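# Chains, contacts and geometry: an overview
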Amino acid sequence: MTDGNEAVDLSVDLPGLPMKNPIMPASGCFAFGQEFAELYDLDVLGAIAIKAATREPRFGNPTPRVAETAAGMLNAIGLQNPGVEHIMKEELRWLEHYQTPVLANIAGSTVDDYLFVAEQLSLDPRVGALELNISCPNVKEGGIAFGTVPDVAAELTGKVKAVSHLPVYVKLSPNVSDIVEMAQAVEHAGADGLSMVNTLLGMRMDLKTLTPILANKMGGLSGAAIKPVAIRMIYEVSQAVSIPIIGMGGIQSVDDCIEFLLAGASAVAIGTANFTDPWVCPNLIQALPQRLKAMHVTHIQELVGRSWKAWVTQ
Amino acid sequence: MMQAERMRIVSHKVLAQNIYEMTLEGELVQHMSDPGQFVHLRVDEHGDTLLRRPISLADYDKEMRQCTLIYRAEGQGTAKLAAKRSGEGVDVLGPLGNGFPIPQDLAGEQALVIGGGVGVPPLYNLSKQLQACGAIVTHVLGFASADVAFYEDRFKQLGATYVATVDGSQGKQGFVTDILSERAIAADRVYACGPLPMLRALEERYVGSTIPLYISLEQRMACGIGACMACVCHLQEDPTGLRYKKICRDGPVFKAGEVVLT
Ligand SMILES: Cc1cc2nc3c(=O)[nH]c(=O)nc-3n(C[C@H](O)[C@H](O)[C@H](O)COP(=O)(O)OP(=O)(O)OC[C@H]3O[C@@H](n4cnc5c(N)ncnc54)[C@H](O)[C@@H]3O)c2cc1C
Ligand SMILES: Cc1cc2nc3c(=O)[nH]c(=O)nc-3n(C[C@H](O)[C@H](O)[C@H](O)COP(=O)(O)O)c2cc1C
Ligand code: FES
């Protein structure tokens, strides 16, 4: 702690992701960065989590794919992506224009799918770490079982670790009864970090057609509405594991970021807020030092888990 | 080029039942290039309506630095928009998307402009520009009833205008397609915006003919800039089923027959 005149150190050194600040866009809310690169320099970002890669290209679900909810939204995109081969040939090559570390999100419906994609992406020099999306609520085939049964998640994590030299983050689903058990299972299986949370399964009805708004019927709830759920889960999990957590779920402001750090996240990801304000990431990065100074914080890492850690004054 | 700007509302009035006309002023207007483009409005800066609302440009005037939007206040976002007063600011992202293509020289050509409901607004500036390029413009506009009809007089100043209402309270009773079947309206090119059944009927009529048809599509959007994949549609000629266009970024205007209407 300080009198407020020193520079604030925002850097966070996570496995595979040396971040100059704790803020990255969340997977699926930033595509592969091209659209945002027209708006600002992607190198201001702490890292970039790219859209989920699958073994084969996927068109995803029929439309409507999004629906608004109070302080949030539902999405059922269905993991639309051009497939890992294309992502490595095109998107990751384009990302070579930037130095910001890349967290590559992986989805699949079988263990073999995950392993194939993980092996491929591990060959790519532009990828700093892998993020296993075992929690996408929008694919019918299997996806969610990986995220809801601890043994299944742990087995997958172990197998991915065995085929990849890269650090592996497991992205946890909040749609479970015991998130701590899940987190500990993947930690024991070798996960290097956790991302949490993915979206909460939800639904909305259309009063004109008397049917669900989303063509997929159900979708994942994101945005400010899920923030307290995410914070609670990070608070519980961070005390029960020793691997770092990338926190996400409804972050829109600098104070939101700080809440996540206090709960136990080491870094944060911004999803839905990019749709409200495409400049939200650089804006938060710019505003963060001043807010931390006002709180007399010199190293952002001082805040991590501060809500439950006994603080030793320096 | 897209920008975000707090534009100022210079006028905001009721045109018909639940139909509002809002004129905004700001620098963003300088970047508008085609009718059919849209802006993405943040209706609620501190409350809990997170997603922006896409609304087409009904008109824009670069010299005046003003653009006009016409929208129906229906759900909670557009209701919040309707509550805003002249003089207030609105957070606008835009201009977005690709609008209607207008060839430079249309001297003597017949352009047919067809709109339904809140699909009518973007056709106003389109018609103005078609006329400025020398085209003879005919409008066929459909509304549910006289209560929700708007701009008939404005369109009349630009060319022949036929109106249909479902209940017959204004113009002909029926749909725009009834007017088209009844009158042989000459057309070298056709432009349309409106509900899907109308666009489908027009595709049946014109796709495969020598007359090009351009249609503007709608879909529920999140980002509006091409990043979230909310608004994709399939391509017509695509055996793989994997190719797609994003309505927000590749559209919202497409040549009829290019994408699958859903
Ligand atoms: C490119 C484009 C141009 C448009 N231009 C106009 C216009 O000029 N005038 C006009 O009145 N309307 C226009 N619309 C439709 C307008 O965007 C919707 O009516 C509006 O978003 C509904 O918001 P709401 O708050 O009334 O409804 P809510 O039900 O509160 O909306 C909930 C969510 O669903 C979305 N949504 C609901 N209905 C539609 C719809 N029909 N199309 C797209 N998204 C929808 C909203 O954007 C929001 O994200 C356009 C839509 C698109 C995609
Ligand atoms: C449109 C959309 C697409 C998403 N796609 C992915 C994805 O491909 N992979 C993934 O792991 N998470 C995906 N997510 C989840 C987000 O990365 C994030 O975990 C979640 O939205 C919570 O954060 P937020 O409230 O800030 O959006 C997606 C979310 C949204 C809204
Ligand atoms: S609305 Fe996000 S891609 Fe079109």
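Residues numbered from 1 in each chain as written. Chains lettered and ligands numbered in written order. Predicted model: local features only at pLDDT ≥ 70, side-chain atom pairs only at ≥ 80, totals over all residues. Heavy atoms only, no water.

## With respect to the packing of aromatic side chains
Taken as a whole and judged by the stated rule, the model has eleven aromatic pairs over all chains. Ring geometry for Trp94 of chain A versus Tyr98 of chain A: centroids 5.5 Å apart, planes at 55°, classification tilted. For the pair Tyr124 of chain B and Phe155 of chain B, a centre-to-centre distance of 5.6 Å together with 80° between the ring planes defines the contact as edge-to-face. With Tyr124 of chain B in helix α2 (residues 121-132) and Phe155 of chain B in helix α3 (residues 152-158), this residue pair connects regions lying 31 residues apart in the sequence. Tyr124 of chain B gets classed as buried once you look at its relative accessible area, which sits at 5%. Put simply, the rings of Tyr124, Phe143, Phe150, Tyr151 and Phe155 of chain B pair up and form one aromatic cluster. Over the face of the ring belonging to Phe116 of chain A we find Arg55 of chain A, whose NZ or CZ atom lies 4.2 Å from the ring centre. The ring of Phe59 of chain A has Arg65 of chain A lying over it, and the distance from NZ or CZ to the ring centre is 5.2 Å. (Phe/Tyr/Trp six-rings, centres within 6.5 Å; stacked < 30°, edge-to-face > 60°. Helix = DSSP H or I, 4+ residues; strand = E, 2+ residues; numbered from the N terminus. Buried < 20%, exposed > 50% of the residue type's maximum accessible area, 1.4 Å probe, protein only. Lys NZ or Arg CZ within 6 Å of the ring centre and 35° of its normal.)

## What about the UniProt feature "binding site: FMN" (unreviewed entry) in chain A?
All names here are of chain A. UniProt records the feature "binding site: FMN" (unreviewed entry) for Ser27, Lys51, Ala52, Asn105, Asn133, Lys171, Val197, Gly223, Gly249, Gly250, Gly271 and Thr272 in the present numbering. Lining the largest cavity, from this annotated set, are Ser27, Lys51, Ala52, Asn105, Asn133, Lys171, Val197, Gly223, Gly249, Gly250, Gly271 and Thr272. Mapping Lys51 onto the fold places it in strand β4 (residues 48-53). Under the relative-accessibility criterion, Lys51 is labelled buried at 10%. Excluding residues within four positions of it along the chain, Lys51 makes contact with Ser27, Gly28, Ala31, Phe32, Ile77, Leu79, Gln80 and Asn105. (UniProt positions renumbered as here; feature names shortened; annotations may be inferred. 1 Å grid on protein atoms, 1.4 Å probe; cavity = no way out; pocket = protein on both sides within 12 Å on 5 of 7 lines; lining within 4 Å. Contact = heavy atoms within 4.5 Å.)

## Side note on a nonpolar patch on the surface
A contiguous nonpolar patch, built from Leu201, Met203, Met205, Leu207 and Met218 of chain A and spanning about 510 Å² of accessible area, is present on the exposed surface. Relative to the assigned elements, Met205 of chain A resides in strand β12 (residues 205-206). (Patch = residues over 30% accessible without salt bridge, like charges linked within 9 Å, V, L, I, M, F, W, Y side chains within 5 Å. Areas by Shrake-Rupley, 256 points an atom, 1.4 Å probe, with all protein chains shown as cover. Salt bridge = Lys/Arg side-chain N within 4 Å of Asp/Glu carboxyl O.)

## Some details on the nonpolar core
Counting 143 residues, the largest nonpolar core has Leu121, Leu130 and Leu194 of chain A together with Ile114 of chain B as the members making the most contacts within it. Filtering out sequence-adjacent residues up to four positions away, Ile114 of chain B remains in contact with Leu123, Val140, Val176, Leu180, Val190, Tyr191, Ala192, Cys193, Met198 and Leu202 of chain B. In this structure, Ala16, Ile19, Phe100 and Cys193 of chain B belong to the second largest nonpolar core, which totals 27 residues. (Core = buried A, V, L, I, M, F, W, Y, C linked by side-chain atoms within 4.5 Å.)

## Let's talk about the UniProt feature "binding site: substrate" (unreviewed entry) in chain A
Residue and element names in this part refer to chain A. Here, the residues flagged by UniProt with the feature "binding site: substrate" (unreviewed entry) are Lys51, Asn75, Ala76, Ile77, Gly78, Leu79, Asn133, Asn198 and Thr199. Of the residues annotated just before, the largest cavity has Lys51, Asn75, Ile77, Gly78, Leu79, Asn133, Asn198 and Thr199 among its lining. Mapped onto the elements of the fold, Ala76 is located in the loop between β6 (72-75) and α2 (84-94). Using a relative accessible area of 0% as the deciding quantity, one classes Ala76 as buried.

## Thoughts on empty space enclosed by the protein
This model, assessed by the stated rule, comprises two cavities of 30 Å³ or more. Empty space within the largest cavity amounts to approximately 460 Å³. In terms of lining, the largest cavity is formed by 35 residues, of which the most central are Ser27, Cys29, Asn75, Asn198 and Thr199 of chain A. Those elements giving two or more residues to the lining of the largest cavity turn out to be β4, β6 and β16 (267-270) of chain A. In the lining of the largest cavity, the residues fall into 18 nonpolar, 15 polar and two charged. Of the voids in this model, the second largest cavity is the one considered here, and its volume is about 40 Å³. Taken together, Gly223, Ala224, Gly250, Ile251, Gln252, Thr272, Ala273 and Thr276 of chain A together with Leu50 of chain B form the lining of the second largest cavity. Class assignment of the residues belonging to the lining of the second largest cavity gives a composition of four nonpolar, five polar and no charged. (Points joined across faces, edges and corners; volume = space filled by probe spheres on them. Nonpolar A, V, L, I, M, F, W, Y, C, P; charged D, E, K, R; others polar.)

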